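Remarks on the overall topology
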Amino acid sequence: MTGSIRNIIKQCTPLLPLFLLIYTSDDTIIFGMFGDVRFYYAKLAVWFSVAMYFAAKGYFLRNKFTVSLFIVAILYFVNSIVSGFSIGFVYNLAIFLLALVYVSNNSFETFREHFCRIVCFLALASSIVYVVNLIMPQVFAPFPTLYNAANLPYTTVYVSSLFHSLPLRNFGIFREPGMYMIYLNLALFFEWFSSQPNKFRVIVYVFTLLTTVSTGGIFIGALIICAGSIMRRNYSVIIMVLPVLFVGYYFLFQEDSVYYTLLLGKLEQGNGTTIARVSSVTVPLKIFMEYPLGAGPGRFNDLFPIICNQMYGEALDADLSTNTLTKNLAVYGPLVFLLYFTYLVRFTKMSFQSGSYRLLFLFVLILAMSNEDIRSSILYFIILAYGASYNKNIQYNEYTIC
């Protein structure tokens, strides 16, 4: 028994730095939407510790990454001169530095393997909590109740969070199901397009994705499964999925179905969520036309509700602008946008050798980032950091098994 425990610890220890970065990131509800400032300082302490661990173990920052960091710093500095200084510039630069430190010490194949394992663990744990909470919610009564930045209470089970008002949605450790689905779909893509997909992990990812009841997340997940099956000519998967789709269709379109309201009700005309999705594209583009060098975070937050009210008759808060790409363009200007998009494209080139796989992967990433604002996400900056490290002369393993 002791030997088994030691073996498990030995296998899990290499995953710990990435797990800590994810667990304490702005993507999570405890550390990303904290109602207690102590979580903010705890997050910074963890980040500093992880950076020092890598510095002591290997590299703090490889020389080739200093250029990328310097370029981003200069672009932020220029934007701050034009639009006004914001502490967000420093904060995002610090996250990018942390991502570069991680990438300096971990190959892409290592990241992909560790990421898939971590997401599988989080997905399995949150799914268990989700099912138990539906059957016996009293089990989690002893766990602490916390409050997010909007002062909304939730129960934390440490590997998942439970909102009493939204028991049918699986948040996991993340601030929103829409954030959770990005992690799930990225892991699903890596796993589904590996040479020998792990069926257990695929099932865990898909089941957890369904429990998020995220319209965009489920659509992207279905796209990954179907496109992958067609591109790899594995049509049996589609045949297996058809009965599930018919059953899902039956339950979704019942008049009194709560799942219909959660999943498809947001698409109905006049729904506030629909306006938020559309305005996340159109309003930032209009702001960019007025401020072609970037409006800056403060001015963007002020202008968004005004322009949104002019265009759609509703003064939505800038926090409801969930499109990462258009928000980057409007806030930071075309230079930062083009640099980050270039890194994103390079990340897809690093991931696969096949042009069709790269194109599909890029499309999936754009869809996911159009559904949620992840400009301060550690995952987003790790993706950008690996993109910055891409070298076309290096042959990457297209089918590394996660």
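Residues numbered from 1 in each chain as written. Predicted model: local features only at pLDDT ≥ 70, side-chain atom pairs only at ≥ 80, totals over all residues. Heavy atoms only, no water.

1. Some remarks on the confidence of the model for the chain
- When pLDDT is averaged along the chain, the result is 86; 86% of the residues meet or exceed 70.
- Here residues 398–402 is a poorly scored stretch, pLDDT under 50, and it has 23 contacts once near neighbours within four places are set aside; other chains count. (pLDDT = per-residue confidence, 0-100. Contact = heavy atoms within 4.5 Å.)

2. Here we look at the packing of aromatic side chains
- Enumeration over the complete set of coordinates arrives at 41 aromatic pairs.
- A centroid spacing of 4.3 Å and a plane angle of 20 degrees characterise the contact between Phe189 and Phe193, whose relative ring orientation is stacked.
- By relative accessible area, which is 0% here, Phe189 ends up buried.
- Here the guanidinium or amino end of Arg62 rests over the ring plane of Tyr59, the centre of that ring lying 3.8 Å away. (Phe/Tyr/Trp six-rings, centres within 6.5 Å; stacked < 30°, edge-to-face > 60°. Buried < 20%, exposed > 50% of the residue type's maximum accessible area, 1.4 Å probe, protein only. Lys NZ or Arg CZ within 6 Å of the ring centre and 35° of its normal.)

3. Digging into empty space enclosed by the protein
- Enumeration according to the criterion identifies three cavities of 30 Å³ or more in this entry.
- Its volume calculated, the largest cavity comes out at about 100 Å³.
- Lining of the largest cavity is provided by 13 residues; of these, Ile182, Leu186, Leu365, Ala368 and Ile383 occupy positions nearest its centre.
- Where the lining of the largest cavity is concerned, the elements lending two or more residues are helix 8 (177–192), helix 17 (355–369) and helix 18 (378–388).
- The element that contributes the greatest number of residues to the lining of the largest cavity is helix 17, accounting for five residues. (1 Å grid on protein atoms, 1.4 Å probe; cavity = no way out; pocket = protein on both sides within 12 Å on 5 of 7 lines; lining within 4 Å. Points joined across faces, edges and corners; volume = space filled by probe spheres on them. Helix = DSSP H or I, 4+ residues; strand = E, 2+ residues; numbered from the N terminus.)

4. Focus on the sheet that holds strand 3 (residues 161–162)
- A sheet is described by the order of its strands in space; here three strands give the open sequence 1-2-3, paired in antiparallel fashion. Of all the strands in the sheet, the pair left with one neighbour each is strand 1 (145–147) and strand 3.
- Summarising the sheet, strand 2 (residues 153–156) and strand 3 pair through two bridges and their orientation is antiparallel. Looking at strand 3, one finds that Thr156 is bridged to Ser161. (Pairing = 2+ DSSP bridges.)

5. Considerations on a nonpolar patch on the surface
- A grouping of Val67, Phe70, Ile71, Ile74, Phe77, Val78, Ile81, Val82 and Leu293 is seen on the molecular surface, where their side chains present a nonpolar patch of about 850 Å² in accessible area.
- Inspection of the secondary structure assignment puts Ile81 in helix 5 (residues 63–83). (Patch = residues over 30% accessible without salt bridge, like charges linked within 9 Å, V, L, I, M, F, W, Y side chains within 5 Å. Areas by Shrake-Rupley, 256 points an atom, 1.4 Å probe, with all protein chains shown as cover. Salt bridge = Lys/Arg side-chain N within 4 Å of Asp/Glu carboxyl O.)

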